[in-house]
Amino acid sequence: MSVSVVTARPSPTGGRRIQALPDTLVSQIAAGEVIERPASVVRELIDNALDAGARLVVLRLAAGGVRGIVVEDDGNGIAADQLGLALQRHATSKIASLSDLESVATMGFRGEALAAIASVSDLSLVSRTADAAHAWRLDAGSGELQPAARGVGTTVEVRELFFSTPARRKFLKTDATEAAHALEAVRRHALARPDVGFAVWHDGRLVTQWRAASLEQRWADVLGPEFTAASRPLLAQRGPLTLHGRVGLPEAARSRSDLQYVFVNGRFVRDRLLGHAMRSAYEDQLHGSRQPAYALLVTISPELVDVNVHPTKIEVRFRDGGAVHQALRIAVQAALAPSGAHADPGPEASAPSSAPNVPVMGSAIPAAAPAWTQAEQTVVPWGSVPVQTTPRGSGGLAAWETLRRGPEGPAVDAPSPAAHAPEDWPLGRAIAQIGGIYVLAENRQGLVIVDMHAAHERIVYERLKAAQADPDAAIPSQPLLLPQSFAATAAEVATAEAEQEALQALGLDLSTLSSATLVVRSRPAALPDADLVELVRAVLADLAESGGSRVVQRARDELLATMACYGAVRANRRLSLPEMDALLRDMEATERADTCNHGRPTWRQVTLKELDTLFLRGR
Ligand code: ADP
Ligand code: MG
């Protein structure tokens, strides 16, 4: 095909002629947005198969999909007289009017995927509807229509992707990498559609196969047993919004964000708003760049979300983004909040997990949605379990007492532990300290091992947070002896100028030196050791993403976390038994006490059964 038609030719007036672009070129431009690599083709073709009601989708790749991508489905097929239309740009069977746009529930409806793919590859369609005597094959290049053989459904064959646009082909990675991306595209579909079977072949070899299954089974098949074991179920509903899925425990966080799946009305998205809500749900429990694992289905009335704002439909726009953000954050925090100790069944209950401190939540994701409020209640630490703290002033606890109180506020008074027998304390009764680090305690289930620094750090942090009287006051700042300048992007400079107030509140004095240089003149007094430029960049990025107020709150939390780390009891300090007990009671009373601020676990349970196994003792 020729693209010379758009080559600029001077007109008699010296300007350029305005001319309509040829259709193929328009499709190629669209393809540039939608079709990045074989995986994009796979995504679009599986979208179509699912829209056609397929129960089984088979993908065959040749050379990572660069040589060939074939998607076969058993959906309702395309009638012979419609095959040509399917390949036309803006031809779709999925919407007919603007009002349909509002409520479309299919995977996509831009009506340009097939046209775009056909414009950058050698494409043919083989399809048969239920009432047809046989299938038909349409070759997109030649337009030739021929009888063909296959059952009801559609096969789309895509060969030599980007053969006409070698520049794009150069950007493709190795076959193995492209195949991995394509497989990831199938995983996303497979997670959202457990009722559909999927098979993937690469160069004649079966790579993966998922049979139609329950949602729970499919997720276990696709995400693996480690994720299932180290995650908690989440189910919440608020008005037109339902959230359903599993969220990974902080201690199972990863260095890569490769296990983060969010689906909006069945479509996989990587949405900034949702991503931000997830990060803020974990922010207290995860350090720096650790990435939580999660899979979530977000269901919302179609008219409250626009899924068609992005060419690849990977971003969405919610009518009330703020409400969705808040609902998601609260639901995830609620799912993570119940302490393992608290959630553990008593000794009478069925045998707990094999791995210590991995809460066994009913692995089944409940089918019916409980009230939203129910989920919200679990945000409250320890729920209705009696909170036990050591009575004030009991012997030898001065150090703990000072720490238990916030910098200004008094300690929370709690019922006397005397009301409960030590065996009933979730974290048990302290019996020893070993290695200068670990506190050992005995509870009904067996042995509890506590990392005292990690545990105390969390306690101090939560206390500082609770005690902070005025969250609106500025963080104390300290002028720098030598102002520090650094190269900044245009976006960073713009944010610095627009967010002066928020920056001041964070204890940061930042001004513009040039269009590409910023200078810091003061820093938060509490963070003398932080890498200032890194801190400022992170703050600017956050400000740009979410606007002032929330960031201030988060930076505050980070400051508090740093202070907590300095304030917490250090390793190698000898503790008396009453001191250890006080620590355990404080942990029980503290929200999110299961992990320290860096996401490490603070305690582990070793059950009597596990001890028995260790000693080969059958009970
Ligand atoms: P869109 O999916 O946005 O409608 P496409 O270009 O992807 O646009 O597909 C155009 C049309 O071709 C679809 O609307 C549908 O009618 C038909 N079609 C495409 N793939 C299939 C398939 N696998 N089974 C049945 N019909 C299909
Ligand atoms: Mg489509």
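What you see is a predicted model; the values in this text were computed from it and never measured.

Calculation rules
- Just so you know, the residues in each chain are numbered from 1, in the order the chain's sequence is written.
- Numbering of ligands from 1 and lettering of chains from A proceed in the order in which they are written.
- Restriction of local features to residues with pLDDT of at least 70 applies here, the model being predicted, together with a cutoff of 80 or more for giving and counting side-chain atom pairs; totals for whole chains, interfaces and linings are based on all residues.
- In computing side-chain values, all of the structure's heavy atoms are included and hydrogens and water are not.
- Where helices and strands are cited, they refer to DSSP runs of H or I of at least four residues and of E of at least two residues respectively, numbered from the N terminus.
- Relative accessibility thresholds used throughout: buried, under 20% of the residue-type maximum; exposed, over 50%; partly exposed, between the two (1.4 Å probe, protein chains only).
- By definition, residues are in contact when any of their heavy atoms lie within 4.5 Å.
- Two strands qualify as a pair provided DSSP detects at least 2 bridges between them.
- Throughout this description, the term nonpolar core refers to a set of buried Ala, Val, Leu, Ile, Met, Phe, Trp, Tyr and Cys residues connected via side-chain atoms within 4.5 Å.
- Any Lys or Arg side-chain nitrogen found within 4 Å of a carboxyl oxygen on Asp or Glu counts as a salt bridge.
- By convention, a stacked pair of Phe, Tyr or Trp rings (six-membered ring in the case of Trp) has centres within 6.5 Å and planes under 30 degrees apart, an edge-to-face pair has planes over 60 apart, and any other such pair is tilted.
- Counted as a polar contact is a pair of N or O atoms within 3.5 Å, where, for protein atoms, one must be capable of donating a hydrogen and the other of accepting one, and residues adjacent in sequence contribute only when both atoms are in side chains.
- One less than the number of residues in a helix, times 1.5 Å, gives the span that helix is expected to have.
- Fitting a line to C-alpha atoms yields each axis, with helices limited to the stretch in contact; the angle taken between N-to-C directions then spans 0 to 180 degrees.
- What pLDDT expresses is the predictor's confidence in each residue, scored from 0 to 100.

Thoughts on the overall build of the chain
Secondary structure assignment for the chain yields 21 helices and 22 strands. Per-residue burial over the chain gives 47% buried out of 619 residues. Sequence separation of at least 24 residues holds for 70% of the intrachain contacts in the chain that already meet a minimum separation of 6.

Quick notes on the pairing of strand S7 (residues 197-202)
Across the 6 residues that make up S7, a large majority, 5, are buried. In this structure, strand S1 (residues 56-62) lies alongside S7, joined through 6 bridges in parallel fashion. For leucine 61, the partnering residue across the bridge sits in S7 and is histidine 202. Of the strand pairs in this sheet, S7 and strand S8 (residues 205-210) are connected by 5 bridges, and their pairing is antiparallel. Its bridge partner being in S8, tryptophan 201 is matched across the sheet by leucine 206. Between the antiparallel neighbours S7 and S8 lie 2 residues, among them aspartate 203 with a positive phi of about 45 degrees.

What about the nonpolar core?
Counting residues in hydrophobic clusters, the biggest one holds 53 residues, and the most contacted among them are Val42, Leu45, Val57, Ile69, Val158 and Phe198. Sorting elements by how many residues they give to this core places helix H7 (residues 175-192) first, with 7 residues. When sequence neighbours within four positions are dropped, the list of residues in contact with leucine 45 reads Ile69, Val71, Leu114, Ile117, Val156 and Val158. Residues Leu249, Leu274, Met278 and Val298 belong to the second largest nonpolar core, which totals 31 residues.

Some details on unusual backbone geometry
The phi dihedral of glutamate 160 is positive, around 50 degrees, even though this residue is not glycine. In this fold, glutamate 160 is placed in the loop between strand S6 (153-159) and helix H6 (166-170). Looking at glutamate 160, the relative accessible area reads 26%, which means it is partly exposed. For phenylalanine 162, which is not glycine, the phi torsion reads 65 degrees and is therefore positive.

Some remarks on the pattern of salt bridges
Following the criterion strictly, the structure yields 18 salt bridges and no others. As a salt-bridge pair, arginine 188 and glutamate 184 come within 3.6 Å of each other at their nearest N and O atoms. With arginine 188 and glutamate 184 both in helix H7, this residue pair falls 4 residues apart, about one helical turn. You can call arginine 188 partly exposed: its relative accessible area is 22%.

Here we look at the packing of aromatic side chains
Enumeration according to the criterion identifies 3 aromatic pairs in this entry. On the numbers, 6.4 Å between centres and 5 degrees between planes, the contact of tyrosine 261 with phenylalanine 263 is stacked. On the basis of relative accessible area, tyrosine 261 is assigned to the buried category, the value being 1%. On the accessibility criterion, phenylalanine 263 (1% relative accessible area) is buried. Ring geometry for phenylalanine 263 and phenylalanine 268: centres 5.7 Å apart, planes at 75 degrees, overall edge-to-face. Each member of the pair phenylalanine 263 and phenylalanine 268 is classed as buried. By way of ring pairs, the aromatic residues Tyr261, Phe263 and Phe268 are connected into one cluster.

Some remarks on the side chain of histidine 189
Structurally, histidine 189 can be placed in helix H7. We classify histidine 189 as buried; its relative accessible area is 6%. Polar side-chain contacts of histidine 189 include one of 3.1 Å to the backbone oxygen of alanine 185.

Some words on H7
Since the α-helix packs 3.6 residues into each turn, any two residues three or four apart lie on the same face. For H7, with 18 residues, the first-to-last C-alpha span of 26 Å sits near the 26 Å given by 1.5 Å per residue. Residues of H7 that are buried: Glu178, Ala179, Ala182, Glu184, Ala185, Val186, Arg187, His189, Ala190, Leu191 and Ala192. Contact partners of the buried residues in H7: helix H2 (38-51), S1, S7, S8, helix H8 (215-223) and strand S11 (260-264).

A short note on the sheet that holds strand S21 (residues 517-524)
Overall, antiparallel pairing links the 3 strands, which are arranged S19-S21-S20 in an open sheet. Because the sheet does not close on itself, it has two edges, and the strands there are strand S19 (477-487) and strand S20 (509-514). Along the sheet, successive strands turn relative to each other by an average axial angle of 20 degrees, direction set aside. Bridge analysis of S20 against S21 gives 5 bridges, and the strand direction is antiparallel. Looking across to S21, one finds that leucine 510 is bridged to valine 520. Along the sheet, helix H16 (residues 490-498) makes contact with S19, S20 and S21, crossing S20 at roughly 130 degrees.

Details of the side chain of threonine 155
Tracing the backbone through its elements, the reader meets threonine 155 in strand S6. A relative accessible area of 9% means that threonine 155 is categorised as buried. Separated by 2.5 Å, the side chains of threonine 155 and arginine 150 make a polar contact. Dropping the residues within four chain positions of it, threonine 155 is found in contact with Val70, Val71, Glu72, Ser124, Leu125, Val126 and Arg150.

Quick word on H2
Counted at 1.5 Å a residue, the expected span for H2 with its 14 residues is 20 Å, and the 20 Å between its end C-alpha atoms agrees. Here H2 lies mainly inside the structure; 12 of its 14 residues are buried. Buried residues of H2: Pro38, Ala39, Ser40, Val41, Val42, Arg43, Glu44, Leu45, Ile46, Asp47, Ala49 and Leu50, and no others. The first or second residue beyond H2 is glycine 53, which carries a positive phi of 80 degrees.

Notes on the confidence of the model for the chain
Averaged over all residues, the pLDDT of the chain equals 76, while 71% of them reach at least 70. Low pLDDT (under 50) marks residues 1-11, which in the prediction has 18 contacts with non-local residues, meaning those over four places away or in another chain. Counting interchain partners and residues more than four positions distant, the pLDDT-below-50 stretch residues 340-411 has 139 contacts.

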